[in-house]
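Residues per chain are reported as follows:
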Amino acid sequence: MKIILKHNIMKTDSIIKENVLDELSWQPNIDETQIGVIVENGVVTLSGVVDNYSKKIAAEKAVKNVKGVKAVADDIEVLYGIEYKKTDKEIAKAVVNALSWNASVPDETVKIEVRDGWVYLSGELQWFYQKEAARKATENLLGVKKVVNNITLKQAIEPSEIKKKISKAFERLADLDAQNIKVEVDGHKVKLKGKVHSYAEKEEARKTAYFAPGVYDVENELEVAY
């Protein structure tokens with residue numbers, strides 16, 4: 001009988017960097033030559049200049065899916081060409097139109113402020129998916145350099161019910177090891193502790209917790225351990 005022992009080999013920063021660059025080049029809407037990558041102890045810092053905010057978001061999302069990445073610091077700058085520059089007034093009008101056409105965002109519930117291409121969203125909604133829908137509808141608009149989502153959530157539900165619903169949601173997900181995740185609830189604030197196997201898994205846990213009714217804020221203290 002032949003016995004084969006398998007060992008988990010921790011990725012070095014150089015290997016992670018190579019994988020990150022490969023993943024960026026794999027994305028059809030990203031020019032990897034515009035983006036600088038630094039990796040230190042599994043933490044990836046992105047730099048450079050892109051001509052669209054959606055490319056900045058796409059780059060960050062792509063890196064989070066790379067195995068071995070523990071955290072991402074996004075220092076990519078968005079600079080539009082002269083022909084694509086928009087005034088704050090034009091951007092504000094575009095945001096109003098985008099939100100009005102989005103069925104997930106209730107009419108006249110989101111307040112909009114635009115300063116130097118930065119869009120600030122505020123107001124009060126009931127569900128996290130509505131808050132996410134407002135952000136996604138805004139970040140792809142021409143002229144937008146950054147979206148700051150200050151929309152708050154308001155729901156009436158007991159903290160004990162919040163914890164129960166999040167724990168059950170974790171158990172339903174095949175990509176999450178629910179036994180290694182501890183959920184703490186203080187009012188409408190959720191804190192996640194424990195260990196996960198990837199940064200993508202950590203993000204999935206955060207999003208899942210946010211989808212629970214009654215959750216206004218999530219502190220994601222999950223540790224990425226390989």
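Refer to the structure presented above.
These lines cover the structure that appears in this document, whether it is placed above or below. (Residues numbered from 1 in each chain as written. Predicted model: local features only at pLDDT ≥ 70, side-chain atom pairs only at ≥ 80, totals over all residues. Heavy atoms only, no water.)

### Re the overall build of the protein chain
Selection criterion: We count a stretch as a helix when DSSP gives it H or I for four or more residues in a row; a strand needs E for two or more, and each element gets its number in order from the N terminus. When a residue's accessible area, from a 1.4 Å probe over protein chains only, is under 20% of the maximum for its type it is buried; when over 50% it is exposed; and in between it is partly exposed. We call two residues in contact when some of their heavy atoms are within 4.5 Å. Accessible surface is estimated by sampling points in the Shrake-Rupley manner with a 1.4 Å probe; for residues, cover comes only from the protein chains shown.
A count of helical and extended segments in the protein chain gives 6 helices and 12 strands. Taking all 226 residues of the protein chain together, 36% fall into the buried category. Put simply, 66% of the contacts in the protein chain that link residues at least 6 apart link residues at least 24 apart. With an accessible surface of roughly 13600 Å², the protein chain has 50% of that area assigned to carbon and sulfur atoms.

### Things to note about the packing of helix α1 (residues 13-26) against helix α2 (residues 53-64)
The condition that has to hold: Every axis corresponds to a line fitted to the C-alpha atoms, with the helix fit spanning only the stretch in contact, and the corresponding angles, defined between N-to-C directions, vary from 0 to 180 degrees. Angle categories: roughly parallel below 35 degrees, roughly antiparallel above 145, roughly perpendicular from 65 to 115, and oblique for all the rest. Crossing chirality is assigned from the near helix's rotation relative to the far helix, an anticlockwise turn below a right angle marking it left-handed and a clockwise turn marking it right-handed.
The geometry of α1 relative to α2 is characterised by a closest axis approach of 9 Å and an angle of 135° between their N-to-C directions. With respect to their mutual orientation, α1 and α2 come out oblique. Remark: the crossing between α1 and α2 carries right-handed chirality. Judged by residue contacts, V20, E23 and L24 of α1 engage A59, A62 and V63 from α2.

### Brief notes about helix α5 (residues 159-172)
For the record, the criterion: One fewer than the residue count of a helix, multiplied by 1.5 Å, yields its expected span. Our arc is simply the arc of the directions from the helix axis toward the C-beta atoms.
Its 14 residues place the ends of α5 20 Å apart at the C-alpha level, agreeing with the 20 Å of an ideal helix rising 1.5 Å per residue. Residues of α5 that are buried include every one of I162, I166, A169 and F170, and no others. Take α5 and look down its axis: the buried residues cluster within an arc of 100°, on one side only. What points out from α5, more than 90 degrees from its buried face, is the exposed set S160, E171 and R172. In the core, the buried residues of α5 are packed alongside β9 (181-186), β10 (189-196) and α6 (199-211).

### Quick notes on the nonpolar core
Where we set the bar: Joining through side-chain atoms within 4.5 Å is the link that ties buried Ala, Val, Leu, Ile, Met, Phe, Trp, Tyr and Cys residues into a set, and such a set is a nonpolar core.
Among the nonpolar cores identified, the biggest contains 58 residues, and V20, L24, V44, L46, I166 and L192 are the most heavily contacted of them. The biggest single contributor to this core is α2, with 5 residues. Non-local contacts of V20, meaning those with residues more than four positions away in its chain, are made with V37, V44, V63, V66 and V69.

### Some points on the pattern of salt bridges
Pairs may arise between side chains of opposite charge once their charged atoms sit close together. Selection criterion: By definition here, a salt bridge exists when the distance from a side-chain nitrogen of Lys or Arg to a carboxyl oxygen of Asp or Glu is within 4 Å.
Throughout the structure, instances matching the rule amount to 14 salt bridges. With its nearest N and O atoms 3.4 Å apart, the salt bridge here joins D74 to K56. Of this pair, D74 sits in strand β3 (residues 71-74) while K56 sits in helix α2; the two residues are 18 residues apart in sequence, bridging distant segments of the chain. The shortest N-O distance in the salt bridge between K182 and E184 comes to 3.5 Å.

### Remarks on the environment of K111
Relative to the helices and strands, K111 resides in strand β5 (residues 110-115). Judged by relative accessible area, K111 falls into the exposed class, the value being 59%. Spatially, the C-alpha atoms of K111 and E124 are 9.0 Å apart, while their sequence positions differ by 13 residues. Beyond its immediate chain neighbours, meaning those up to four positions away, K111 contacts Y120, L121 and S122.

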